[in-house]
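# Reading the structure
The residues making up each chain are set out below.
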Amino acid sequence: MAADASLVTEDAAVFRDALPEGGALLGLDLGTKTIGTALCDAGWNFATAAKTMPKGKFTRDRAALQEICKARRVAGVVIGLPLNMDGSAGPRVQASRAFARNLAAAETGLGLPVLLWDERWSTTAAERDMIATDTSRKKRAERIDSHAAAVILQGAIDRLAGGLF
């Protein structure tokens, strides 16, 4: 199926059907001050933390993300959905959904399908992994958002590649 440029979904099967076979994916952890990025290989085997960038106006953020997408031939985007621990949606969820809609739009965004993925515990998992590799507190603070984006993206590609729907 051809990519649906306006697709924003929380359903991994729908997202997978909107993508070409394989292709790199971009993972995002949206913070209030930063955006953590991660990328996976075209075969959806592993996610790798990329850079953490300062969050600003959408047009500037979009331009930075467009550069990444063009350089890595990204086929779709996975954005962490910051649900509350009880699964309910708060203000940050609404902001993430709005960012996703803007990013998916062909006219004003990247024009790529977007999957919203439950990010509960992603930062905790990322920090635990960084502590296990003896990453200093300072470096953890600088890199935590990109590592959380990798945790989010890895969860999504495990589901996508496994085909367990």
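Small disclaimer: the values here were computed from a predicted structure and weren't measured. (Residues numbered from 1 in each chain as written. Predicted model: local features only at pLDDT ≥ 70, side-chain atom pairs only at ≥ 80, totals over all residues. Heavy atoms only, no water.)

Another point: the overall build of the protein chain. Helix and strand content of the protein chain: 5 helices and 6 strands. Burial status across the protein chain gives 47% buried among its 165 residues. Taking all contacts inside the protein chain whose residues are at least 6 apart in sequence as the whole, residues at least 24 apart take part in 64%. Summed over all atoms, the accessible surface of the protein chain reaches about 8500 Å², with 52% contributed by carbon and sulfur. (Helix = DSSP H or I, 4+ residues; strand = E, 2+ residues; numbered from the N terminus. Buried < 20%, exposed > 50% of the residue type's maximum accessible area, 1.4 Å probe, protein only. Contact = heavy atoms within 4.5 Å. Areas by Shrake-Rupley, 256 points an atom, 1.4 Å probe, with all protein chains shown as cover.)

Here we take up the pairing of strand E2 (residues 24-30). Two faces, one strand: in a regular strand the side chains alternate between the faces of the sheet. With respect to burial, E2 is a largely interior element, 7 of its 7 residues being buried. Burial along E2 is two-sided: the face carrying Ala24, Leu26, Leu28 and Leu30 and the face carrying Leu25, Gly27 and Asp29 are both buried. Alignment of E2 against strand E5 (residues 74-81), held across 5 bridges, turns out to be parallel. What sits directly across from Leu25, in E5, is Gly76. Bridge count between E2 and strand E3 (residues 34-40): 5 bridges; the pairing is antiparallel. (Pairing = 2+ DSSP bridges.)

A positive phi angle, close to 60 degrees, is found at Trp44, a residue other than glycine. Structurally, Trp44 can be placed in the loop between E3 and strand E4 (47-54). Classification of Trp44 as buried rests on a relative accessible area of 6%. Unusually for a residue other than glycine, Arg73 sits at a positive phi of about 50 degrees.

Time to look at the pairing of E3. Taking burial as the measure, the 7 residues of E3 include 6 buried ones, the bulk of the element. Adjacent in sequence and paired antiparallel, E2 and E3 are bridged by 3 residues. Sheet analysis places E3 next to E4, joined by 6 bridges and oriented antiparallel. Opposite Gly36, over in E4, you have Thr52 as the bridge partner. In this structure, the hairpin formed by E3 and E4 is closed by a connection of 6 residues, where Trp44 is found at a positive phi of approximately 60 degrees.

This part takes up helix H2 (residues 58-72). Helix length check: H2 (15 residues) gives 21 Å between terminal C-alpha atoms against 21 Å at 1.5 Å per residue, within 8%. Check the buried side of H2 and you find it contacts E2, E3, E4, E5 and helix H3 (91-104). (Expected span 1.5 Å × (residues − 1).)

Looking at the element boundaries, Asp61 is found in helix H2. Engagement of the side chain of Asp61 in a polar contact is seen with the backbone nitrogen of Gly56, the distance being 3.1 Å. (Polar contact = N/O pair within 3.5 Å; in protein donor to acceptor, adjacent residues only side chain to side chain.)

Once that is clear, we can look at H3. In a regular helix each residue adds 1.5 Å, so 14 residues correspond to 20 Å; H3 covers 20 Å between its end C-alpha atoms and thus fits that length. Along H3, the positions that sit buried rather than exposed are Val93, Ser96, Phe99, Ala100, Leu103 and Ala104. Projected onto a plane normal to the axis of H3, the buried residues spread over an arc of 125 degrees and lie on a single side. Set apart from the buried face of H3 by more than 90 degrees, the exposed residues are Pro91 and Arg101. Those residues of H3 that are buried are in contact with strand E1 (8-9), E2, E3, H2, E5 and strand E6 (114-118). (Arc of directions from axis to C-beta.)

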